[in-house]
Each structure stands twice: as structure tokens, then as C-alpha cells.
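For reference, the chains in residue letters:
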Amino acid sequence: SNPNAGTALEIQGRILAEQLGAERACWSLAQDGFASEFCRCLAFEFVASILLRKQQVACVKQLVDSASRSDSIVRQMIMGFGKSQVITPLVCLLLTQQAGMA
């Protein structure tokens, strides 16, 4: 019998409980009247196996809103913010949906 097995199981249980109880940052999109974007963000979270952070959702919303108005915008983001794995793919997904490309 492994004495660390209980500990590993407890850790996994805590991680699962935290994930199940985590607040969805993309919920703010639905509350702001962006229901289709909310659904796409939920699907993106599921497919990418991630949980979007509030700052990421706010950044994506700002970039998509700006592009929808044909405005230019530049955002400076620190390393680890999710530029390559989260922001860019999600912005592209939402913009192609708006343009009717997908």
C-alpha cells in the first residue's frame, strides 16, 4: 500500500472542487448582451481545457469591439497572459463568426 496515495487523491479532490466552484469570467459577456460570444467562449474553454480569466475576457472583448468598429488598437500584455494560446485564437474565432466566415 502506498502511504502517499491518500494524499494524491486528496490533492486531486481539492483541485476538482476548485475547478467546479470557479466563477466563469466569460459570464460577464452574457450579462452584457453578448450571448453568442458567451456560448463561443464556453465552447472554447471546453475544447482548450482552460478556464478564461477576467483579464483575458476583458482584453478579448476590447479587441473584438475595436475590430468590429474598424478601429485600431494596441494592447501590451505580459508574458503568461495567454496571448498565443488564448487571446489570439479566441479573438480570431469571434471575429470570423461575426464576419460569417465560419
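What you see is a predicted model; the values in this text were computed from it and never measured. (Residues numbered from 1 in each chain as written. Predicted model: local features only at pLDDT ≥ 70, side-chain atom pairs only at ≥ 80, totals over all residues. Heavy atoms only, no water.)

## With respect to helix H4 (residues 54-68)
For H4, with 15 residues, the first-to-last C-alpha span of 21 Å sits near the 21 Å given by 1.5 Å per residue. Looking at H4, one finds that the buried residues are Gln 56, Val 57, Cys 59, Val 60, Leu 63, Val 64 and Ser 66. Packing partners of the buried residues in H4 comprise helix H2 (27-31) and helix H5 (83-98). Directly after H4, the chain includes Ser 70, whose backbone phi takes a positive value near 60°. (Helix = DSSP H or I, 4+ residues; strand = E, 2+ residues; numbered from the N terminus. Expected span 1.5 Å × (residues − 1). Buried < 20%, exposed > 50% of the residue type's maximum accessible area, 1.4 Å probe, protein only. Contact = heavy atoms within 4.5 Å.)

## Quick word on the packing of H4 against H5
For the pair H4 and H5, the least separation of the axes is 10 Å and the interaxial angle reads 40°. Taken together, the axes of H4 and H5 lie oblique to each other. By crossing handedness, the relation of H4 to H5 is classed as right-handed. Listed contacts from H5 to Gln 56, Cys 59, Val 60, Leu 63, Val 64, Ala 67 and Ser 68 of H4 are Val 86, Ile 87, Leu 90, Val 91, Leu 94, Leu 95 and Gln 98. Of the residues belonging to the contact of H4 with H5, the class tally is 11 nonpolar, 3 polar and no charged. (Axes fitted to C-alpha atoms, helices over the stretch in contact; angles between N-to-C directions. Parallel < 35°, antiparallel > 145°, perpendicular 65-115°, else oblique. Left-handed = near helix turned anticlockwise from the far one by under 90°. Nonpolar A, V, L, I, M, F, W, Y, C, P; charged D, E, K, R; others polar.)

## Some details on the nonpolar core
Judged by nonpolar contacts, the single largest core of 18 residues is most densely connected at Cys 26, Leu 52, Val 60, Ile 87 and Leu 90. Elements with a contribution of two residues or more to this core: helix H3 (35-48), H4 and H5. (Core = buried A, V, L, I, M, F, W, Y, C linked by side-chain atoms within 4.5 Å.)

## Quick look at the layout of surface pockets
In this structure, the largest pocket spans a volume of roughly 190 Å³. If you go around the largest pocket, the residues you meet are Gln 19, Arg 24, Leu 42, Glu 45, Phe 46, Ser 49, Ile 50 and Leu 51. When residues in the lining of the largest pocket are grouped by element, the largest group, 3 residues, is from H3. When grouped by side-chain class, the residues that make up the lining of the largest pocket number 4 nonpolar, 2 polar and 2 charged. (1 Å grid on protein atoms, 1.4 Å probe; cavity = no way out; pocket = protein on both sides within 12 Å on 5 of 7 lines; lining within 4 Å. Points joined across faces, edges and corners; volume = space filled by probe spheres on them.)

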